[in-house]
Amino acid sequence: MPSSLTRSLPRGLTGSSPRQLSLSTSLAPTSLVSSRNFSFKKGPPTKEKVIILGSGWAGYSLARTLSPTKYDRIIISPRPYFVFTPLLASTSVGTLEFRTILEPVRRLPGGNINFYQGWADDIDFSRKTITVETNAAEEAASKTVVPPPGGQIPLRDKGEVIEVQYDKLIIACGAYSQTFGIEGVREHAHFLRDIGDARRVRLRVLSLFEQCSYPSSSSPNSNGHVLTDDDKRALLHFAVVGGGPTGIEWAAELHDFIRDDLGKMYPELMRFVKITVYDVAPKVLPMFDKALADYAMGHFARQGIEVKTEHHLEKIRLADGKLGRRHGAVRIKIREVEENGGEVGAGMVVWSTGLMANPLIAKLAEKEVVVSKSKNPMTGEVLERRRLVRDKRSGGLVVDGYMRALSVDADAKFEEGNELEKKPLDGVYVIGDCSFIENDPLPKTAQVAAQEAQYLAKELNKGISPGQDGKEFKFRNWGTMTYLGGWKAIHQSKADELKGWVAWVLWRGAYLTKAMSWRNKLLVPIYWVISWIFGRGISRF
């Protein structure tokens, strides 16, 4: 072996045999490259993009639980925050301030969160691309938008359109308030689903009391604008449509606000004030057993809150003359009311009657999705056309027990007794109010949405696709609570049934512990104490 070649070889790889020489020669360039300080170190692995549509209970909870070290989290939502909805009624009457129940999306734990404020307008499942209409410039992003009976979002100025690509898609866009197509609801009713709704409700309540506080006068200079006693009685009638927990809790919070604060400032108006809850069902709070529901109704009766069941609201319109035009009073047409042309006057109507599907869901269910059916080295890739499955009753997208969106052949037709073959759509998951678990329908509540989100995030954090370990989602019912006013509540679970003050303590304690951030866990009890000692906020701004 020539000495020059031997010296150029790395130590430990020289030898006298041809085999040793061959191995040493083949590795020589590696030694030369190393001597020039070239590096072949691998960079960090590229993280998968997980896009989450929505920042409600499902979307925010999933983003909060999903590992930022394993995934690139991207949230697309028309609002840049999460609302702790169980305490929304408290903010609408000043018991809590608005920001105490808000969690900014960009401050999610773990950081490294990408956020695009806008509406998901369309999804191309084949290209894994989402078309987003931006709305960061819209002041009304926090206001509930109710689609007309046709299901389309009302026309508005179109925002800029961007496209965002994903590796995995979580559809958690929630649902809209159900109006059943009743005339005048969208235009004249107040909803209570977002923080902007709570602010408008608070302003309206305070405004009504101020409008009715002016002294009555028969002076000719009044120009007919002075309110009569009948006018004040109509304006200070607060109608709540819907006897579920949201409607009942808002009626209770409003009663406390009037009794503890407004009654001391407007004592002369108390004889005009009336709160009425309307519901089409035979009883309110149907999720509670009869004993607890009867206790709630008895408590409401003692507080002077009327509950009228089996009442069908047919129309809401502005009141005639200046009462409607100047003061915003409305007339509610109710089928069971015979006097006054079947109409009841009110200063405001708070609407809380359930949910309807997001229009995006209907749009996605009508799309054809081209996916790969099989791959063969000889014949190439075989494609097939499929479409997502939508539940007829709830309007949600059907998922399996692993929260995977299910699809069927695009040409298949649904027939009674004909069970279609369903397959999960790769990398697409649906959770929250816009989903429907096949063979296991669950109520559309915050509790269900949060548990679905946590389950899916934990499965993804394992580094496997949900379904590979055979662990399906199981809902654990922690019980149902409703505040009744006057420091009393009801609570029902499999373990116990509570009512009165003890249930109220549990109600407040549970919501305090469920508050997302430590900041709000601190602020909420502080404002509870402030409201108790100094009274609720009554400033209008």
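A quick note: this is a predicted structure, and the numbers were derived from the prediction, not measured. (Residues numbered from 1 in each chain as written. Predicted model: local features only at pLDDT ≥ 70, side-chain atom pairs only at ≥ 80, totals over all residues. Heavy atoms only, no water.)

## Description of the overall build of the protein chain
Convention followed: Comment: elements are numbered from the N terminus, with helices defined as DSSP H or I runs of at least four residues and strands as E runs of at least two. Three exposure classes are used, based on accessible area relative to the maximum for each residue type with a 1.4 Å probe and protein chains only: buried under 20%, partly exposed in between, and exposed over 50%. We call two residues contacting when some pair of their heavy atoms lies within 4.5 Å. Surface exposure here means Shrake-Rupley accessible area, sampled with a 1.4 Å probe, where a residue is shielded only by the protein chains that are shown.
When you go through the protein chain residue by residue, the secondary structure sums to 14 helices and 27 strands. Counting every position in the protein chain, which comprises 541 residues, the buried fraction comes to 48%. Within the protein chain, counting contacts between residues at least 6 apart in sequence, those at least 24 apart form 67% of the total. When the accessible surface of the protein chain is split by element, carbon and sulfur atoms take 53% of a total near 27,800 Å².

## What to know about the sheet that holds strand 25 (residues 480-485)
Heads up, the rule is: Here the rule is simple: two strands pair whenever DSSP picks up at least two bridges between them. To get an axis, a line is fitted to the C-alpha atoms, and for a helix only the part in contact is used. The angle between two axes follows their N-to-C directions and goes from 0 to 180 degrees.
Strand order in the open sheet formed by three strands is 25-26-27, with antiparallel pairing between adjacent strands. Bordering the open sheet on either side are strand 25 and strand 27 (497-500), each of which pairs with just one other strand. Across this sheet, the average inter-strand angle for adjacent strands is 10°, counted without regard to direction. Relative to strand 27, strand 26 (residues 488-492) runs antiparallel, the two being bridged by four bridges. Each residue of the ladder has a partner; that of histidine 491, found in strand 27, is leucine 498. Each of strand 25, strand 26 and strand 27 touches helix 13 (residues 501-514); the most contacted strand, strand 27, lies at about 105° to it.

## Structural notes on the confidence of the model for the protein chain
Low pLDDT marks stretches whose predicted atomic positions should not be read closely. Stated precisely, the cut-off is as follows: What pLDDT expresses is the predictor's confidence in each residue, scored from 0 to 100.
Looking at the protein chain, pLDDT values average 87 and 84% of them are 70 or higher. pLDDT under 50 marks residues 1-40. Its contacts with residues more than four places away, or in other chains, come to 17 contacts.

## Looking at empty space enclosed by the protein
Spelled out, the test is: With a 1 Å grid spanning the protein atoms alone, the term cavity applies to any set of points in which a 1.4 Å probe fits but cannot get out, the term pocket to an open set with protein on both sides within 12 Å along at least five of seven lines, and the term lining residue to any residue with an atom within 4 Å of a point. Grid points are joined across faces, edges and corners, and a volume is the space filled by probe spheres set on the points.
With the rule as written, the count across this model stands at three cavities of 30 Å³ or more. Put simply, the largest cavity is a space of about 90 Å³. Those elements giving two or more residues to the lining of the largest cavity turn out to be strand 24 (435-437) and helix 12 (446-461).

## Section: the pattern of salt bridges
For side chains of opposite charge, pairing can occur when their charged atoms come near one another. Heads up, the rule is: By definition, a salt bridge exists where a carboxyl oxygen of Asp or Glu is found within 4 Å of a side-chain nitrogen of Lys or Arg.
Under the counting rule described, the total for this entry stands at 32 salt bridges. Aspartate 122 is paired through a salt bridge with lysine 367; the nearest N and O atoms lie 3.5 Å apart. With aspartate 122 in strand 5 (residues 113-124) and lysine 367 in the loop between helix 11 (359-365) and strand 19 (369-376), this pair connects stretches of sequence that are 245 residues apart. According to the relative accessible area criterion, lysine 367 is partly exposed, its value standing at 22%. One salt bridge in this structure joins aspartate 261 and arginine 536, with 2.7 Å as the shortest N-O distance. With aspartate 261 in helix 8 (residues 245-265) and arginine 536 in the segment after helix 14 (518-534), this residue pair connects regions lying 275 residues apart in the sequence. An identical accessibility class is assigned to aspartate 261 and arginine 536; each is buried. One network of salt bridges, with partners in common, ties together Asp256, Arg259, Asp260, Asp261 and Arg536.

## Remarks on the packing of aromatic side chains
We count it as follows: Stacked, edge-to-face and tilted are the three classes for Phe, Tyr and Trp ring pairs, Trp counted by its six-membered ring, which pair at centre distances within 6.5 Å; planes under 30 degrees apart are stacked, over 60 edge-to-face, the rest tilted.
Taken as a whole and assessed by the stated rule, the structure comprises twelve aromatic pairs. For the ring pair phenylalanine 84 and tyrosine 511, a centre distance of 6.1 Å and an interplane angle of 80° mean the geometry is edge-to-face. Linking phenylalanine 84 in the loop between strand 3 (81-83) and helix 4 (88-92) with tyrosine 511 in helix 13, this pair joins segments that are 427 residues apart in sequence. For phenylalanine 84, a relative accessible area of 5% puts it in the buried group. Judged by centre distance (6.3 Å) and plane angle (55°), the rings of tryptophan 487 and tryptophan 532 are tilted. Taken together, the positions of tryptophan 487 in the loop between strand 25 and strand 26 and tryptophan 532 in helix 14 put the pair 45 residues apart, joining distant regions of the chain.

## Comments concerning the pairing of strand 11 (residues 237-241)
Counted residue by residue, strand 11 has five buried out of five residues, so it is predominantly covered. Pairing of strand 11 with strand 12 (residues 274-278), which is carried by five bridges, proceeds in the parallel orientation. For phenylalanine 238, the partnering residue across the bridge sits in strand 12 and is isoleucine 275. Both strand 11 and strand 17 (residues 348-351) contribute to a ladder of four bridges, which runs parallel. Note that in strand 17 the partner of valine 240 across the bridge is valine 350.

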